[in-house]
Amino acid sequence: MCVNLFDRFILTLYSFALIVLSCVAIGATSGLIPAAYLRPYVEQMLTGSHPAYLIVAIIFLIVSLRFFFSSFRSRQPKRERGIRQRSELGEVNITLQTIQTIAERAARRVKGVRDLKTVVRAHESGNMILLRVSVDGETPLPDLTQQLQTVVKEQVEGIAGVMISEVAVVVTEVAQSEIYAARRRVE
C-alpha cells in the first residue's frame, strides 16, 4: 500500500500511542503497575469529568477508520509517464526515462562534454529535451552546443521514433582540466 507523507506521520503517532497503551495494559494485568495507581484515571474516564479522554477516543476512532477504509480502496497501478504513439498494431508508450537515457548516451559521445543532466518534457506543443552540461573549456561553445543539439535530436528520433521539437542546452560550468586541478592540489 502506497501512503503519502501525512499518512506515514499519522501512522507513526498512532503506532507509538498503541505501544504505550499496550505497555500500560500489560503492566496493569501482570501486576507491575498497582491498581491503585490506575484507579483514578479509570474513574475519571467512567464519570466523564475530563473531556480530554473523549477527544482522544474520537481521534483514535477517526484514525482507525481512515486506515481501515484506505486498506479497501483499490489502487490502480500508476502508469508511467511517457510518450504514447499509435501504430497499426496498437499503442506504444516510451517512458520519459528511456528517452532521457538515449539522450544522455548520445550527449556523452560529443567531444568536450564532461558531465550532464537531462530532463525530458512531453508537451502538447512538442517534446523537449533539456541538457545541463559541464564542458571541458577547450571546445568552442557554439560548435559544441550545436553538435549536442543535432546529435541528441537525431539519436532520439532515430532510436525511439519520437519527434523532438526542441533540444535546449544550458552550459553550467567549465570543468577544470585534470592537469590544472592536480597542480592546484599539490600547491
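Residues numbered from 1 in each chain as written. Predicted model: local features only at pLDDT ≥ 70, side-chain atom pairs only at ≥ 80, totals over all residues. Heavy atoms only, no water.

1. Here we look at the sheet that holds strand β5 (residues 164-174)
Okay, step 1: If you trace the 3 strands from one edge of the open sheet to the other, you get β3-β4-β5, paired in mixed fashion. Of all strands in the sheet, those with a lone pairing partner are β3 (113-123) and β5, marking the two edges. Averaged over all neighbouring strand pairs, the angle between strand axes comes to 15 degrees, with direction disregarded.
Okay, step 2: In this sheet, strand β4 (residues 126-135) lies alongside β3 in antiparallel orientation, the contact comprising 10 bridges. Within β4, the position partnered with V119 by the bridge is L130. (Pairing = 2+ DSSP bridges. Helix = DSSP H or I, 4+ residues; strand = E, 2+ residues; numbered from the N terminus. Axes fitted to C-alpha atoms, helices over the stretch in contact; angles between N-to-C directions.)

2. Here's the deal with the UniProt feature "transmembrane region" (unreviewed entry) in the protein
Okay, step 1: Cross-referencing UniProt, the feature "transmembrane region" (unreviewed entry) maps to residues 12-38 and 50-69 in the present numbering.
Okay, step 2: What you have in residues 12-38 is 85% helix and 0% strand, and the ends, taken at the C-alpha atoms, are 26 Å apart. (UniProt positions renumbered as here; feature names shortened; annotations may be inferred.)

3. Examining helix α5 (residues 141-160)
Okay, step 1: Here α5 is 20 residues long and its end C-alpha atoms lie 28 Å apart, about the 28 Å a rise of 1.5 Å per residue gives.
Okay, step 2: Three or more residues of α5 are buried, namely L144, T145, L148, V152, V156 and A160. Along the axis of α5, the buried positions cluster into a sector of 95 degrees, meaning they face one direction only. Of the exposed residues in α5, those oriented more than 90 degrees away from the buried face are P142, E154 and G158.
Okay, step 3: Residues of α5 that are buried make contact with β1 (82-87), β2 (90-95), α4 (96-108), β3, β4 and β5. (Expected span 1.5 Å × (residues − 1). Buried < 20%, exposed > 50% of the residue type's maximum accessible area, 1.4 Å probe, protein only. Arc of directions from axis to C-beta. Contact = heavy atoms within 4.5 Å.)

4. Focus: the pairing of β1
Okay, step 1: Of the pairings in the sheet, the one linking β1 to β2 comprises 6 bridges and is antiparallel in character. By the bridge assignment, Q85 is partnered in β2 with V92.
Okay, step 2: Counted between consecutive antiparallel strands, the loop separating β1 from β2 contains 2 residues.

5. Re the packing of α4 against α5
Okay, step 1: Taken N-terminus to C-terminus, the directions of α4 and α5 make an angle of 135 degrees; their axes are 9 Å apart at the nearest point. Judged on the interaxial angle alone, α5 and α4 are oblique. Here α4 and α5 pass one another in a crossing that is right-handed. In this structure, α4 contributes I99, I102, A103, A106 and A107 to the contact, and α5 contributes L148, V151, V152, Q155, V156, I159 and A160.
Okay, step 2: Its residues placed into classes, the contact of α4 with α5 shows 11 nonpolar, 1 polar and no charged. (Parallel < 35°, antiparallel > 145°, perpendicular 65-115°, else oblique. Left-handed = near helix turned anticlockwise from the far one by under 90°. Nonpolar A, V, L, I, M, F, W, Y, C, P; charged D, E, K, R; others polar.)

6. Here we look at the packing of aromatic side chains
Okay, step 1: Summed over all chains, the structure comprises 4 aromatic pairs.
Okay, step 2: Ring centres 6.1 Å apart and planes at 55 degrees place the aromatic pair Y14 and F67 in the tilted group. With a gap of 53 residues between them, Y14 in helix α1 (residues 5-30) and F67 in helix α3 (residues 51-70) connect regions that are remote in the sequence.
Okay, step 3: Residue Y14 is classed as buried on the basis of its relative accessible area of 19%.
Okay, step 4: Accessibility expressed as a relative area gives 15% for F67, which makes it buried.
Okay, step 5: Ring centres of F68 and F69 lie 5.3 Å apart, and the angle between their planes is 75 degrees; on these two criteria the pair is classed as edge-to-face.
Okay, step 6: Residue F68 is classed as partly exposed on the basis of its relative accessible area, which comes to 45%.
Okay, step 7: Ring pairing ties together the aromatic residues Y14, F60 and F67, which thus form one cluster. (Phe/Tyr/Trp six-rings, centres within 6.5 Å; stacked < 30°, edge-to-face > 60°.)

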